[in-house]
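# Descriptive structure summary
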Amino acid sequence: MKSAAYRRILLKLSGEALMGEEAFGIEPQTIARYAADIRSLQQAGVEVALVIGGGNLFRGAGLAAGGIDRVAADQMGMLATVMNAIAMADSLRRIEVAAEVYSALPLGPVCHDYRRDEVVAQLQRGVVTLLAAGTGNPFFTTDSAASLRAIEIGADLLIKATKVDGIYSADPLKHPDAVFYPRLRYDQAIAEGLGVMDLTALVLCRDHAMPLRVMNVNQPGALLRLVQGEAVGSLVESGVA
């Protein structure tokens, strides 16, 4: 197998990605396919951390818009990410990949409390770590949590897995003439409002020089090709000429 170009990555998956063709929840075939993709990264020698959203179960902002207190709604959303992380960890273990769930909210009987040094030690042992419950605080998205955790654990690359090939000037599904950006600066993404991630996440990555790849996770073998050094999707960096 071709050697990996990255030592440690953080993969951000949306909760909606786990739905597959379903309208809600987790489609077993889809989560099993993602688990197999993650195993291929591990077999290539890459240390893998994951942050998974919770939008397939609950979305805090949507609940708040419906009248639920925003703090309570966001706490429900954080718990949804824990459920998704537990499901992914189970799928990984079923294919003999060591995996542990760490939560920013204390949930002792269910998973480990998030401790940065412990997570790094597990990654160095080859354990896939699933970092759940966002930042542990309301008003922060899982995109922001992914950026924060990638910086904390010293990831070489943050990967945002999406349903499109990368970053475009507009939604390519609605605008066929949208321009594809293979490479761009954080300042450009922010100035043009490209919707790559929320503003807090982008600024965190920019200020800490964390490179970001946005790619289509549903392309067979795309994740493995990416960590082996192929220019898959779009790359966002702090200082691109």
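Residues numbered from 1 in each chain as written. Predicted model: local features only at pLDDT ≥ 70, side-chain atom pairs only at ≥ 80, totals over all residues. Heavy atoms only, no water.

### Concerning the pairing of strand S1 (residues 8-13)
On any regular strand, side chains alternate: one points to one face of the sheet, the next to the other face. With 6 of its 6 residues buried, S1 lies for the most part within the structure. The alternating pattern of S1 places Arg8, Leu10 and Lys12 on one face and Ile9, Leu11 and Leu13 on the opposite face, and all of these are buried. In the sheet, S1 pairs with strand S2 (residues 47-52) via 6 bridges, with the strands oriented parallel. The residue bridging Leu10 from the neighbouring strand is Ala49, located in S2. Chirality of the crossover, the property in question, places the unit of S1, helix H1 (residues 28-43) and S2 among those that are right-handed. Sheet topology places S1 next to strand S6 (residues 157-162); 4 bridges connect them, and they run parallel. Residue pairing for S6: Lys12 is matched across the bridge by Lys160. (Buried < 20%, exposed > 50% of the residue type's maximum accessible area, 1.4 Å probe, protein only. Helix = DSSP H or I, 4+ residues; strand = E, 2+ residues; numbered from the N terminus. Pairing = 2+ DSSP bridges. Right-handed = clockwise from strand over helix to strand, strands pointing away.)

### A short note on helix H3 (residues 70-94)
The end-to-end C-alpha separation of H3 is 36 Å, in line with the 36 Å expected for 25 residues at 1.5 Å each. The N-cap of H3, judged by a side-chain oxygen 3.1 Å from the amide nitrogen of Val71 a few residues on, is Asp69. Just downstream of H3, Glu96 is the residue with a positive phi angle, here 65°. (Expected span 1.5 Å × (residues − 1). Polar contact = N/O pair within 3.5 Å; in protein donor to acceptor, adjacent residues only side chain to side chain.)

### Details of the pattern of salt bridges
In this structure the tally under the stated criterion is 14 salt bridges. Lys160 serves as the salt-bridge partner of Asp143, at 3.1 Å between the closest nitrogen and oxygen. Taken together, the residues Asp143 in helix H5 (residues 142-152) and Lys160 in strand S6 connect sequence positions 17 residues apart. For the pair Asp143 and Lys160, a shared accessibility class is recorded, and that class is buried. Close ionic contact of Arg225 with Glu230 constitutes a salt bridge, the shortest N to O distance being 3.4 Å. In this structure, a network of salt bridges that share partners links the residues Lys12, Asp143 and Lys160. (Salt bridge = Lys/Arg side-chain N within 4 Å of Asp/Glu carboxyl O.)

### Some thoughts on helix H4 (residues 116-124)
Of all the positions in H4, only Val119, Val120, Gln122 and Leu123 are classed as buried. Axial view of H4: buried residues confined to an arc of 160°, hence all on one face. Pointing more than 90 degrees away from the buried face of H4 are the exposed residues Asp117 and Gln124. Those residues of H4 that are buried are in contact with S1, S2, strand S3 (99-103) and strand S5 (128-132). (Arc of directions from axis to C-beta. Contact = heavy atoms within 4.5 Å.)

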